[in-house]
Amino acid sequence: MALKDYIITKPHIETPRLILRPMTKEDVPSLKEWMPDSNLYKYWGKGPSKSEKNPELMFEKEEKPTKSFHLGISLKSNNKVIGDIYAYLIEKDRMASIAIRLSTAHQNNGYGKESLRAMTQFCFEKTELQRLWTEVDIRNEASIHLLEKCGYLREGHIRQGKMVNTWCDYYIYGILKSDYENSLKKIDI
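Residues numbered from 1 in each chain as written. Predicted model: local features only at pLDDT ≥ 70, side-chain atom pairs only at ≥ 80, totals over all residues. Heavy atoms only, no water.

Draft legend 1. Up close: the sheet that holds strand β4 (residues 81-91). The strand order β1-β2-β3-β4-β5-β6-β8-β7 describes an open sheet built from eight strands, whose pairing is mixed. The open sheet has two edge strands with one neighbour each: β1 (13-14) and β7 (153-163). The pairing of β7 with strand β8 (residues 166-176) spans eight bridges and is classified as antiparallel. Bridged to K162 within β8 is W167. (Pairing = 2+ DSSP bridges. Helix = DSSP H or I, 4+ residues; strand = E, 2+ residues; numbered from the N terminus.)

In structure tokens:
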């Protein structure tokens, strides 16, 4: 399959404990529990948007066809969305940016690692993407640790750069498809 195969129908990615899937109006109660939490935006580069403060607004407009993915991270046990993960800023079907966030109540349970590894695996095994990358505020130790545990390499340090709407020092992390393939034996996916 290729990115073009997911323009309309987005993937459902299953892990032992989670399903990464498109979010629906039925997810609004779960989203309201964590999405407006200002703590989630400390290193996000911006504060919560109007639709993040009021998640029901996310479903008022018809979604436009795109190769990008914005998937909810839902627990298999109860289908509750506890976070979200993105593959976006896709360039020439070759590289994409990755972002992930989890509700504060569900952090430190391995869900972030499980989600990021699953999305990385999906991108490299089910699409033609060759590179995934992200920016992370240098103060965000939890995200740095997560990226490194998932095989992403620190590729650069931007000093006093603009990350979304915030001026800060940030790192650039990336992983190539060849890195992923070479480390399959080392990374427990």
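Still to come is the rest of the account.
Draft legend 2. A look at the pairing of strand β5 (residues 95-102). When you tally the buried positions in β5, you get seven out of eight residues, the bulk of the element. Relative to β5, β4 runs antiparallel, the two being bridged by seven bridges. Within β5, the residue paired with Y86 across the bridge is A99. Taking the residues that link successive antiparallel strands as the turn, the β4-β5 hairpin has three residues, and the phi of K92 there is positive, at about 50°. Of the strand pairs in this sheet, β5 and strand β6 (residues 131-137) are connected by three bridges, and their pairing is parallel. Bridging from a neighbouring strand, S97 pairs with W133 of β6. (Buried < 20%, exposed > 50% of the residue type's maximum accessible area, 1.4 Å probe, protein only.)

Draft legend 3. Layout of the packing of aromatic side chains. Taken as a whole, this structure holds seven aromatic pairs when the rule is applied. Measuring from centroid to centroid gives 5.1 Å for Y6 and F122, while their planes differ by 70°, and the two rings are edge-to-face. Of this pair, Y6 sits in the segment before β1 while F122 sits in helix α3 (residues 111-126); the two residues are 116 residues apart in sequence, bridging distant segments of the chain. Note on Y6: relative accessible area 7%, which makes it buried. Between Y86 and Y88, the aromatic rings sit 5.9 Å apart at their centres with planes inclined by 65°, giving edge-to-face as the arrangement. On the basis of relative accessibility, which here comes to 17%, the residue Y86 falls in the buried class. Taken together through their ring pairs, the aromatic side chains of Y6, F69 and F122 make up a single cluster. (Phe/Tyr/Trp six-rings, centres within 6.5 Å; stacked < 30°, edge-to-face > 60°.)

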